[in-house]
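Below are the chains, spelled out letter by letter.
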Amino acid sequence: MTFPFPDGRLFIGGEWETGRGAEITSVFAAEGVENMTLAGASREDVLSAIDRARTAQADPAWRNLKPHERATYLYRIAEGISANSERLSWLQSRDTSKSRAEARALVASAAATFRYFGAVLETSDELLTAPRGDYLTCSVHDPIGLVAAITPWNSPIASDAQKAAPALAAGNAVLLKPASWSPIISLELARIVEEAGLPKGLYSVLPGSGREVGNLLVEHPDIGKVSFTGGTSTGRHLAHVAAEKLMPISLELGGKSPTIVFDDCDEDQAIAGILFGIFSSTGQSCIAGSRLFVQRSIYDRFVARLVEATEALKVGHPFDAATQVSSMVHADHRDTVEAYVRAARDEGGEILTGGARPQGAGYDDGAYYMPTIIAGLANTDRTCREEIFGPVLVVMPFDDEADVIAMSNDNDYGLACGLWSRDHAKCWRLARAIRAGTVWINTYKQFSISTPFGGDGASGMGREKGRAGLRAYQRQKSIYDDHSGQPLPWARWP
Ligand code: NAP
């Protein structure tokens, strides 16, 4: 089954309009064909979206909605996503070359995210604080105003939902800039937001170059918060702009996450978890377990088994139900990954498997790359330090707990970590000692919308998801209300 692509218009302040900016082309990299070309947002388009957002957000019809009333919009958006899941996931696969199974899971996650934040909003209490005088003290939460959401191409519908759902729930207007490689799904999500009846102006989708559209949004004085997911260097630049404006910013950035295998683990489970951790999403995942540390006592046998299991993975077309490792998002990105593997060879890395494009019919026009395992490098080598964002795993031996904690933490990133051992006390010791926003024990890449997610160091700052995810889009205000009628001290002056 196929579905039509969107008509190429942008969602600017609640109206579908043809963009006046530079063209953007979405490709289906699995086949090396173009999906569609659209005109991105111009400076005027962005300014017009901001103007309309300001008016819509200030309207008491939105600002003063009771939480349970505002939540109904989120529930309707969730229903709309679920009702259109086949179409959305098909478009997501075409836009990013993700396997159908993965695209369906991302769509389900987006629906769950809107549903969850509707429920969080309805059930969030404001805090009455302990009295310290004859007045009532409480702390309430107001919307920030206009939120710019900037998302990457690797899981677009889920990233969009993770920002738009809590930001709308909190009573803001959202201006979303999707990645230039994946504009389609964000525009389709805008259709669903519109069909849910969200008041015009509160939601805009503005595809366009990061340097122009993205920067303009972030620098604009009316934008009160930026929520960014993407690369560390972009995030660092945006943090500078935010610091100048004294504007809150959340940054979900890259990773080089360690996976640690002890000699007392369930090896079959560990191998399954490691394969999924690094090679699902073709390694294009911020939380990919891309640095593997295996205890020296089992290193040779375990790595041999891992290589054998890797070679059994099905690399194929995203629409083939048997595919486990699909095409990469874009041929340019495949070339970047390929260059990293060349550099690893130059550093003295030994390619245990992969290290090449697959050959043969069905692969030639696509942006495929074989799942790759590299050994023989030190944790300090570039291949082991930098995020490759592709299906490339580096393996290293370790001797004991202290050794592996030091190696795991010897990296700028701090996003995730996987631990494989039957000794839970040991796992807990490591879980607390390793710098990471998320630790998985005897599992990997499990995700729950109710559990906070984010990174430390070069992996970013702030947390998304969880009940506190709503608070990231609100301003906290404390109110003292003197209801006693007692004369105040100065009222006693003659
Ligand atoms: P990217 O180049 O940083 O781009 C991310 C987004 O920022 C895109 O929409 C991009 O627009 C925009 N952008 C680029 N330069 C900008 C600027 N100067 N001002 C404002 N916006 C700008 O990252 P990517 O290559 O798309 O995504 C991959 C990265 O995202 C990886 O590092 C990955 O680890 C990270 N990521 C992190 C998480 C997490 O939750 N921690 C999740 C997913 C991905 P254009 O597309 O037009 O350049």
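Whatever comes next refers back to the structure up there.
Each chain has its residues counted from 1, following the order in which its sequence is written. Selection of residues for local features in this predicted model requires a pLDDT of at least 70, selection of side-chain atom pairs for listing and counting requires 80 or more, and totals for whole chains, interfaces and linings are taken over all residues. To get the side-chain values, all heavy atoms of the structure are used, and hydrogens and water are removed first.

A. Broad picture of the pattern of salt bridges. One side-chain nitrogen of Lys or Arg within 4 Å of one carboxyl oxygen of Asp or Glu is enough to make a salt bridge. Tallying each qualifying case throughout the model produces 28 salt bridges. As a salt-bridge pair, Arg-305 and Glu-267 come within 3.5 Å of each other at their nearest N and O atoms. With a gap of 38 residues between them, Arg-305 in helix 11 (residues 299-311) and Glu-267 in helix 10 (residues 267-279) connect regions that are remote in the sequence. When its relative accessible area of 33% is taken as the criterion, Arg-305 is described as partly exposed. For Arg-382, the salt bridge is made with Glu-386, and the minimal N-O distance between the two is 3.1 Å. Each residue gets one of three labels from its accessible area relative to the maximum for its type: buried under 20%, exposed over 50%, partly exposed in between, using a 1.4 Å probe on protein chains only. Under the relative-accessibility criterion, Arg-382 is labelled partly exposed at 40%. In this structure Glu-386 comes out as partly exposed when scored by relative accessible area, which is 31%. Through salt bridges with shared partners, a single ionic network connects Asp-7, Arg-9, Arg-191 and Glu-194. Numbering of helices and strands starts at the N terminus; helices are DSSP runs of H or I of at least 4 residues and strands are runs of E of at least 2.

B. Quick peek at empty space enclosed by the protein. A cavity, in this analysis, means grid points on a 1 Å lattice covering only the protein atoms where a 1.4 Å probe fits yet has no way out; a pocket is instead an open set bounded by protein on both sides within 12 Å along at least five of seven lines, and a residue lines either one if it has an atom within 4 Å of a point. Grid points are joined across faces, edges and corners, and a volume is the space filled by probe spheres set on the points. Counted according to the given criterion, the structure contains three cavities of 30 Å³ or more. Every residue lining the largest cavity is listed: Gly-255, Ile-278, Gly-283, Ser-285, Ala-288, Ser-290, Glu-387, Ile-388, Phe-389, Gly-390 and Val-392. Under the grouping applied here, Gly and all other residues not named as nonpolar or charged are polar, the nonpolar ones being Ala, Val, Leu, Ile, Met, Phe, Trp, Tyr, Cys and Pro and the charged ones Asp, Glu, Lys and Arg. In the lining of the largest cavity, the residues fall into five nonpolar, five polar and one charged. Mapped by element, the contributors of at least two residues to the lining of the second largest cavity are helix 14 (401-409) and strand 17 (413-414).

C. Molecular detail of helix 8 (residues 210-219). Burial in helix 8 covers these residues: Val-213, Gly-214, Asn-215, Leu-216, Leu-217 and Val-218. Residue contacts are defined here by distance: any two heavy atoms, one from each residue, within 4.5 Å place the two residues in contact. For helix 8, the secondary structure elements touched by its buried residues are helix 1 (43-58), strand 7 (146-150), strand 8 (173-177), strand 10 (223-229) and helix 9 (232-245). A 3.5 Å cut-off defines polar contacts: any pair of N or O atoms within that distance qualifies, except that in protein one atom must be a possible hydrogen donor and the other a possible acceptor, and neighbouring residues in sequence count only when both atoms are side-chain atoms. One side-chain oxygen at the N-terminal end of helix 8 lies 3.3 Å from the backbone nitrogen of Arg-211; it belongs to Ser-209.

D. Focus on the layout of surface pockets. In this structure, the second largest pocket encloses a volume near 280 Å³. Around the second largest pocket, the lining comprises 18 residues; the ones closest to its centre are Pro-67, Arg-70, Glu-126, His-141 and Gln-474. When residues of the lining of the second largest pocket are traced back to their parent elements, those giving at least two are helix 3 (67-83), strand 6 (136-143) and helix 16 (468-471). Of the residues forming the lining of the second largest pocket, the biggest block, four residues, is contributed by strand 6.

E. Seen up close, the site of the ligand. Around the ligand, the structure places 29 residues, and the nearest of them are Thr-151, Ser-180, Thr-234, Leu-253 and Glu-387. With respect to the ligand, the side chain of Ser-180 contributes an N or O atom lying 2.5 Å from an oxygen atom. At 2.8 Å from an oxygen atom of the ligand is found a main-chain nitrogen or oxygen belonging to Gly-231. Secondary-structure elements contributing two or more residues to the shell around the ligand are helix 8, strand 10 and helix 9. Looking at the shell around the ligand, its residues break down into twelve nonpolar, 14 polar and three charged. Here a residue is near a molecule or strand as soon as one of its heavy atoms is found within 4 Å of it.

F. Structural view of the sheet that holds strand 13 (residues 291-295). Pairing between strands requires that DSSP locate at least two bridges from one strand to the other. Taken together, seven strands build an open sheet; the order of strands is 14-15-16-13-12-18-19 and the sheet is mixed. For this open sheet the edge positions go to strand 14 (350-353) and strand 19 (438-441), each flanked by a neighbour on one side alone. Strand-to-strand, the axes of this sheet are offset by a mean angle of 25 degrees, without reference to chain direction. Relative to strand 13, strand 12 (residues 258-261) runs parallel, the two sharing four bridges. Counted as the bridge partner of Thr-259 is Leu-292 from strand 13. Axes here mean lines fitted to C-alpha atoms, for a helix over just the part in contact, with angles spanning 0 to 180 degrees between N-to-C directions.

G. The arrangement of the nonpolar core in detail. In terms of nonpolar packing, the biggest core is built from 82 residues, with Ile-81 and Tyr-203 touching the most fellow members. A per-element tally of this core places helix 5 (residues 100-123) first, with nine residues. Beyond its immediate chain neighbours, meaning those up to four positions away, Tyr-203 contacts Phe-11, Gly-13, Gly-14, Ala-164, Leu-168, Val-174, Leu-176, Leu-189, Ala-190, Val-193 and Leu-198. Residues grouped as a nonpolar core are buried Ala, Val, Leu, Ile, Met, Phe, Trp, Tyr and Cys residues, joined through side-chain atoms within 4.5 Å.

H. Focus on the sheet that holds strand 22 (residues 474-481). Ordered by their spatial adjacency, three strands build an open sheet running 5-6-22, and the pairing between neighbours is antiparallel. Edge positions in the open sheet fall to strand 5 (127-128) and strand 22, since each of these has one partner strand only. Across eight bridges, the pairing between strand 6 and strand 22 is antiparallel. If you follow Ser-139 over to strand 22, its bridge partner there is Ser-478.

I. Local environment of the environment of Pro-143. Here Pro-143 lies in strand 6. Spatially, the C-alpha atoms of Pro-143 and Leu-253 are 25 Å apart, while their sequence positions differ by 110 residues. Contact partners of Pro-143, with chain neighbours within four places excluded, come to Gln-57, Arg-63, Ala-170, Gly-171, Asn-172, Tyr-473 and Arg-475.

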